[in-house]
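Descriptive analysis of the structure
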Amino acid sequence: MTRKATNDTLHKAKSSKSDEFYTLLEDIERELAFYKEQFRGKTIYCNCDNPQKSNFFKYFFDNFKALGLKKLIASAYVQNTQDLFSDLAPKSGEYIECVITDTDIDIRELPIKTFQGDGDFRSQECVSLLQEADIVVTNPPFSLFREYIAQLIRYNKSFLIIGNINAITYKEVFHLIQSNKVWLGVHLGRGISGFKVPDHYEMYGTETHISDNGDRIISPNNCLWLTNLDVKTRHANINLTKIYQGNEEMYPTFDNYNGINVNKTQDIPMDYEGAMGVPITFLHKYNPSQFEIIRFRKGDDGKDLSINGKCPYFRILIRNRQPIKMAKVAASLFA
């Protein structure tokens, strides 16, 4: 059974500190397929993951040899026993270090080492494991996303993580994207099919359902992958088909910034050389060789970008590094 609901599930998580959104294996497999060669010979750390239940740990455990991993580490924060892992949760955090050679190991028989603390990713015990890792892959707590990504940057770690699409609007995250230190992964929105949640969660979300095996699944359709692992898709140019000259009415200018508004990424004009305000979803197609990011959201007066006194939804100001001159446009149109 599926029902429509509000799209504020992850906002509720942030305000209530409820972060028990567990990524589906199918979403992990679909995204991580683009990074397989980068995992070879590396130590992978899933630092928000119960190793006996996490689909991130399961993916790397099942594919340890195929990916050529050096080591796999997982750790879990355990606040209480009223969570998805209540049947397995110890009184403190747990982690497992898994080094696989030629011997197959039953995942149910892996030795669990117990932390002195609670397994919080910020604890010294977890930081020590983080320092050992090459790449971090997980679904971090959305309510601590700023702090979580700041830690990854501070320790200079490669990573691939899931977050709310609104994380783009955090100044700490946007600065990293603007400076080309972090970028969006391959899938976002409906490209991430959903999250498993515990029984005590309300079934909010754009789409919700109970799976065939009884799992409670929410699909907010407002999440993304964020990474600093290179991926071929981010080097592909956006195919521009629109023209500004002669269609100026489609692109009103901002009241408080010398630039034009573009409502959809697909409507970016190929011949415009100045600043353009585009939706934040532009970043999913952003190629730093094709476009320059100027700033986020604000005009010259420090206020939100506006048109005739009204503010469109958040805009990113960009400039085309490779504008096509009108002579070339005309030649291509009438060839």
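Details of the structure are given in the entry above.
Anyway, here's the lowdown on the structure attached to this text. (Residues numbered from 1 in each chain as written. Predicted model: local features only at pLDDT ≥ 70, side-chain atom pairs only at ≥ 80, totals over all residues. Heavy atoms only, no water.)

**Focus: the sheet that holds strand β17 (residues 315-320)**
Spatially, the 4 strands line up as an open sheet ordered β14-β15-β17-β16, and their pairing is mixed. Two strands close off the open sheet at either side, each with one partner strand: β14 (259-261) and β16 (291-296). Between one strand and the next, the sheet's axes are offset by a mean angle of 35 degrees, whatever the strand orientation. Lying on the sheet, helix α8 (residues 171-178) is in contact with β16 and β17; it crosses β16 at an angle near 160 degrees. (Pairing = 2+ DSSP bridges. Helix = DSSP H or I, 4+ residues; strand = E, 2+ residues; numbered from the N terminus. Axes fitted to C-alpha atoms, helices over the stretch in contact; angles between N-to-C directions. Contact = heavy atoms within 4.5 Å.)

**So, the side chain of D27**
Mapping D27 onto the fold places it in helix α2 (residues 25-32). The residues touching D27, leaving out its near neighbours within four places in the chain, are G191, I192, S193, G194 and W225.

**Observations concerning the environment of F39**
For F39, the location among the structural elements is in helix α3 (residues 36-39). With a relative accessible area of 0%, F39 lands in the buried category. Discounting chain neighbours no more than four positions away, the residues touching F39 are L32, I44, F60, L67, G68, L69, I135, V137 and L229. (Buried < 20%, exposed > 50% of the residue type's maximum accessible area, 1.4 Å probe, protein only.)

**Things to note about the layout of surface pockets**
The computed volume of the second largest pocket comes to approximately 280 Å³. Lining the second largest pocket we find 17 residues, and of these T233, R234, H284, K285 and Y286 sit closest to its centre. The biggest single contributor to the lining of the second largest pocket is strand β9 (residues 183-188), with 4 residues. Its residues placed into classes, the lining of the second largest pocket shows 9 nonpolar, 6 polar and 2 charged. (1 Å grid on protein atoms, 1.4 Å probe; cavity = no way out; pocket = protein on both sides within 12 Å on 5 of 7 lines; lining within 4 Å. Points joined across faces, edges and corners; volume = space filled by probe spheres on them. Nonpolar A, V, L, I, M, F, W, Y, C, P; charged D, E, K, R; others polar.)

**A few points about the sheet that holds strand β13 (residues 223-227)**
In space, the 8 strands of this open sheet follow the order β6-β5-β4-β3-β7-β8-β13-β9, with mixed pairing throughout. A strand with exactly one partner marks an edge of an open sheet, and here the two such strands are β6 (113-114) and β9. Of the pairings in the sheet, the one linking strand β7 (residues 135-138) to strand β8 (residues 158-164) comprises 4 bridges and is parallel in character. Across the sheet, the residue bridging to I135 is S158, located in β8. Along the sheet, helix α7 (residues 145-154) makes contact with β7, β8 and β13, crossing β8 at roughly 170 degrees.

**Quick word on the pairing of strand β11 (residues 207-210)**
Relative to strand β12 (residues 216-219), β11 runs antiparallel, the two being bridged by 4 bridges. Bridging from a neighbouring strand, T208 pairs with I218 of β12. Where β11 folds back onto β12 in an antiparallel hairpin, the turn is made up of 5 residues, including G214, whose phi is positive at roughly 90 degrees.

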